[in-house]
Structure formats: C-alpha cells, structure tokens
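A structural walkthrough
Residues per chain, in single letters:
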Amino acid sequence: MNKVKQISSLQNSLVKKVLLLKQKSRERRNSGLFVLEGQREFELACKGGYTIQSIFFCPNIISEEKVLQIIDQLEKFPELIEVSEEIYQKIAYRESTEGIVAIACSKNHHLNDISFRNKNPLILIAEAPEKPGNVGALLRTADAAKLDAVIIVNSNGDLYNPNIIRASVGCLFTVNIATGNTQEVINFLKKNKIAIYSAALSASCNYTEVDYKKACAIVVGTEATGLTSEWLEKSDQNVVIPMQGEIDSMNVSVSAAILIFEAKRQREFL
C-alpha cells in the first residue's frame with residue numbers, strides 16, 4: 001500500500017484539482033473524474049464498481065485506521081492523502097461528511113452497455129430534467145424500487161454534478177443509468193420490445209389502468225412543459241395521475257414515484 005501523503009497548504013495542486021472538479025462541469029467531462037464525499041457515498045461508489053483515484057481525509061474527524069478499514073474492500077488501493085482541517089473545510093461540499101473526500105473515475109453510461117436483470121424490465125425515463133435536485137430524487141426513487149434502469153434523455157446537465165450526488169444520497173452509484181437523445185432511446189426501447197408509457201395530460205388513461213407487468217418504460221418530462229411530441233407520438237399509452245385540486249401537475253420526482261410504485265404493486269414488489 002502506498003505511503004500516506006500529507007498536505008497542509010491550500011495552494012497545493014491537488015487541493016486546486018479537487019476544487020476545479022467540484023466547480024467546473026467541463027473539467028469533470030474532460031478529465032473523466034469527479035468528487036464524492038462522505039462514507040456512505042464512498043462505500044456505495046465502491047459497491048457500484050467505481051474506480052477511486054485519491055482519498056483525502058482529515059484525521060481530526062476520522063482516523064487513518066478507519067479509512068484503511070473502509071478501503072480494505074478495494075482491489076486497487078487509491079492514493080491516500082491526509083489534510084488539515086482547514087483544507088478539509090475548503091474541499092468538502094457539505095458540513096458533515098465524516099472526514100472523507102475522494103476523486104473517482106466517472107462512467108460512460110452508454111445505452112448499449114445496459115443489461116437487465118429481469119426478462120420484463122421496468123425502466124424510468126426522464127426527458128431533459130432541469131434541476132439537479134429532481135435528478136437526485138428520481139435516482140433515490142429508482143433505487144428504492146430497484147428499477148432495472150434509469151435513462152436520462154437530452155440532458156443538458158452533468159450526472160456527476162455535486163448537487164446530483166448529494167440529492168441522490170449516493171444512489172447515482174447504485175442505479176443502472178444510461179443517457180441518449182430521444183431517437184436513440186426510442187429505438188432502443190422498440191428494439192428491446194419495451195412498452196412506452198408516457199406521463200401526459202392529453203389522450204391519457206388513468207395510470208392504474210395499464211399493465212406494468214410486461215417490459216415497460218415510464219417516461220416523465222419537465223414540470224414546465226411536459227414531454228415533447230416525439231414521446232407522445234411513439235407512446236404505447238399515455239397515462240395520467242388524476243388531480244383533485246386546483247393545479248394539474250406535481251413535482252416530476254413525486255409523479256414518477258407514484259407511477260413507479262403502482263408498477264411495483266402490480267408486479268407484487270418483485
């Protein structure tokens with residue numbers, strides 16, 4: 001195992017690297033690296049097969065012995081770097097992250113890399129999600145329901161945005177995720193004979209009246225404009241959640257959760 005390095009200067013190049021990765025999406029894309037923090041997130045990333053490049057830990061918060069116990073599960077030991085409390089406070093995104101910040105390698109998330117554990121997969125598709133908090137909440141729901149996959153369509157964001165990692169409480173690392181544009185994803189679904197159920201207000205039936213037991217994808221759009229016409233045209237069935245109040249829509253993550261757990265109920269939560 002490599003010797004533990006020590007950093008005490010805020011001007012150290014590694015400290016600057018962490019800050020750049022936290023703040024700049026372009027830096028994350030170009031380097032193929034991202035920052036995660038906290039023992040739970042770290043352990044979930046390891047379980048999800050992510051490669052950890054470096055670990056920064058603050059001995060005033062967590063002991064070196066504890067860090068070694070946590071990384072004992074890894075086949076390849078990352079670079080270990082001990083930092084002062086001042087540096088840790090600078091590089092940590094949250095106030096309470098158990099003294100660990102790490103640099104990890106991102107994944108590609110190609111559609112062709114998706115494999116399903118069930119012959120009748122249940123998938124969530126989110127078209128152009130706008131807010132990191134919503135993406136994180138969708139991933140938490142997907143993990144809770146143990147979905148076969150989540151596909152993000154036409155995303156303008158960055159899956160490894162620290163706000164998404166935080167909002168997903170590490171579920172970014174536990175969920176089978178792919179990305180693609182609308183036509184690519186529709187072709188993928190048709191090729192794999194996966195029914196498309198689009199959440200929409202028009203030409204829709206009550207969400208409890210469709211059969212989710214077969215291979216299917218639940219598709220949700222943005223809260224402001226809903227799904228684009230391509231999804232509505234290619235949908236096998238549009239579904240709607242009846243509203244009894246004055247408004248006609250809910251937060252996208254709430255709507256997705258209702259639809260997903262109706263599907264899980266029909267599948268007897270298998």
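**Section: the sheet that holds strand E9 (residues 195-199)**
The parallel open sheet is built from 7 strands, whose spatial order is E8-E7-E6-E11-E9-E12-E10. Of all strands in the sheet, those with a lone pairing partner are strand E8 (177-180) and strand E10 (204-206), marking the two edges. On average, each strand axis in the sheet is inclined to that of its neighbour by 30 degrees, with strand direction left out of account. In this structure, strand E6 (residues 122-127) lies alongside strand E7 (residues 149-153), joined through 5 bridges in parallel fashion. From the neighbouring strand, Ile-123 faces E7, where its bridge partner is Ala-149.

**So, the pairing of E8**
Pairing geometry for E7 and E8, over 4 bridges, is parallel. Paired with Ile-152 across the bridge in E8 is Thr-179. A crossover connection joins E7 to the parallel E8 through helix H7 (residues 162-167); in handedness this β-α-β unit is right-handed.

**A few points about the packing of helix H3 (residues 39-47) against helix H4 (residues 64-71)**
In the contact formed by H3 and H4, the axes pass within 11 Å of each other and the chain directions differ by 30 degrees. By the angle between their axes, H3 is roughly parallel relative to H4. For the pair formed by H3 and H4, the contact residues are Gln-39, Phe-42 and Glu-43 on the first element and Lys-66, Ile-70 and Ile-71 on the second. Considering only residue class, the contact of H3 with H4 consists of 3 nonpolar, 1 polar and 2 charged.

Calculation notes
Residues numbered from 1 in each chain as written. Predicted model: local features only at pLDDT ≥ 70, side-chain atom pairs only at ≥ 80, totals over all residues. Heavy atoms only, no water. Pairing = 2+ DSSP bridges. Helix = DSSP H or I, 4+ residues; strand = E, 2+ residues; numbered from the N terminus. Axes fitted to C-alpha atoms, helices over the stretch in contact; angles between N-to-C directions. Right-handed = clockwise from strand over helix to strand, strands pointing away. Parallel < 35°, antiparallel > 145°, perpendicular 65-115°, else oblique. Contact = heavy atoms within 4.5 Å. Nonpolar A, V, L, I, M, F, W, Y, C, P; charged D, E, K, R; others polar.

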